[in-house]
Structure formats: structure tokens, C-alpha cells
Amino acid sequence: MGHRGGGRGGGLLRGLVLGAWALGLGACGSGGGSGETDQLQVAHSLRFAVEPSDALSGAPIEPVVTVEVVDAAGERVRDLSVPVELTLPLRTSGENLRGAVAYTQDGRATFPNLTLMHVGAYQLEAHGTGVLAARSRSFTVRGVEGAR
């Protein structure tokens, strides 16, 4: 009896392994015999696709900061929804940063309302569950009087 139970478990495990192989290595894509294969992508890290640029305090950063989820080869992972949070790694105060959480869609998280309230030099750090963080280049936030 113990042998029969183990056989079913082994069959299930074998089916899962074969299913994973078919998804990752050899299943034909929807190209109808075109020879395309579906490749299993594994999210590895985040990267800034659009880096933050200099901005005015209290105004959204433009162009819109964008973070991508990428695999180990640097290709965007499009079929995964990951919450991404931006932080200020060199600062202790988080109340300065607004609009810093977004979910990825098509492998990208955009931050259209990302705003810093205080004048200074900054870097952003992007964090997501189960992926390596990314750090942006440095940028400056100026006051309205410094915009001229």
C-alpha cells in the first residue's frame, strides 16, 4: 500500500517537472509551428528604465520615473505584477518623498506623482519583493526661486 501511494506522488512530481520543462524549454509558442518557443523568465532584479531628473520641490518629477523588473539576462519580465517602492537610501526621513509605491504592469512600474518636498541632492532606491534592489543616479531638487 505504501508503494502505491508513493507511485502517485512520484507521478505528480514527474508531471510537474515535465510541465515546467515544457514551459521553460520546449513548448511551441502560439506562432502556429513557427518554431518559436516560450521561455520561462525568472524575475531577478529591478532597474531604472527612466532615471529621475532634476526637479522643483513639491512638483512631480518629469519625465516620469520608471522602474522595470528584469531577468538575469537583463530582459524585462512582462508577466509579473510586483509592488515596487522607492526610498531615499541616504536619508532617514521618509516624509519628504510622496507617490513612491506602484505595481508593475507589463514589467514596468511608473511613478507619475513622485514628488520630493525638500531642496537637496538625492538618489532613489527601488525595492520589490523577491528581486534585487536598484539605485538611481543622483539628481537635485531645487526650490521655486532656484528654478530661474
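See the structure shown above.
The structure contained in this document is the topic of the report that follows. (Residues numbered from 1 in each chain as written. Predicted model: local features only at pLDDT ≥ 70, side-chain atom pairs only at ≥ 80, totals over all residues. Heavy atoms only, no water.)

Let us now look at the overall build of the protein chain. When helices and strands are counted, the protein chain shows one helix and 12 strands. Starting at the N terminus and ending at the C terminus, the protein chain contains elements arranged as α-β-β-β-β-β-β-β-β-β-β-β-β. Burial analysis of the protein chain (148 residues in total) assigns 31% to the buried set. Looking at the protein chain alone, contacts between residues at least 24 apart form 55% of all its contacts between residues at least 6 apart. A total accessible area of about 9100 Å² is found for the protein chain, and carbon and sulfur atoms account for 56% of it. (Helix = DSSP H or I, 4+ residues; strand = E, 2+ residues; numbered from the N terminus. Buried < 20%, exposed > 50% of the residue type's maximum accessible area, 1.4 Å probe, protein only. Contact = heavy atoms within 4.5 Å. Areas by Shrake-Rupley, 256 points an atom, 1.4 Å probe, with all protein chains shown as cover.)

Once that is clear, we can look at the packing of aromatic side chains. Under the definition given, this model contains one aromatic pair. For the pair Tyr122 and Phe139, a centre-to-centre distance of 6.1 Å together with 35° between the ring planes defines the contact as tilted. You can see Tyr122 sitting in strand 9 (residues 120–122) and its partner Phe139 sitting in strand 12 (residues 139–142), a full 17 residues away along the chain. For Tyr122, a relative accessible area of 4% corresponds to the buried category. Among the residues examined, Phe139 registers a relative accessible area of 2% and is labelled buried. (Phe/Tyr/Trp six-rings, centres within 6.5 Å; stacked < 30°, edge-to-face > 60°.)

As a further point, take the pairing of strand 11 (residues 131–135). Relative to strand 11, strand 10 (residues 125–128) is paired through three bridges, and the arrangement is antiparallel. By the bridge assignment for strand 11, Gly128 is matched with Val131. (Pairing = 2+ DSSP bridges.)

So, on to the nonpolar core. Judged by nonpolar contacts, the single largest core of 26 residues is most densely connected at Leu86, Phe111 and Leu114. Contributions of two or more residues to this core are made by strand 1 (45–50), strand 3 (65–70), strand 4 (83–87), strand 7 (108–111), strand 11 and strand 12. With three residues, the top contributor of residues to this core is strand 3. In contact with Phe111, not counting residues within four places along its chain, are Val64, Val65, Val67, Val84, Leu86, Gly99, Ala100, Val101 and Ala102. (Core = buried A, V, L, I, M, F, W, Y, C linked by side-chain atoms within 4.5 Å.)

Moving on, we come to unusual backbone geometry. In this model, Glu62 is joined to Pro63 through a cis peptide bond whose omega is -5°. Within the element layout of this structure, Pro63 appears in the loop between strand 2 (55–56) and strand 3. The phi torsion at Asp106 lies on the positive side, around 55°, for a residue other than glycine. With respect to the helices and strands, Asp106 occurs in the loop between strand 6 (101–103) and strand 7. What makes Asp106 partly exposed here is its relative accessible area of 42%.

With respect to the helices, strands and loops of the structure, Ser57 is situated in the loop between strand 2 and strand 3. Residues Ser57 and Leu116, 59 residues apart in the sequence, show an inter-C-alpha distance of 5.6 Å. The residues contacting Ser57, other than those within four sequence positions of it, are Leu116, Met117, His118, Val141, Arg142 and Gly143.

Spatially, three strands are ordered 2-12-9 in an open sheet, and the strand pairing comes out mixed. Strands with a single pairing partner mark the edges of an open sheet, and in this sheet they are strand 2 and strand 9. Direction of pairing for strand 9 relative to strand 12: antiparallel, over a ladder of three bridges. Looking across to strand 12, one finds that Ala121 is bridged to Thr140.

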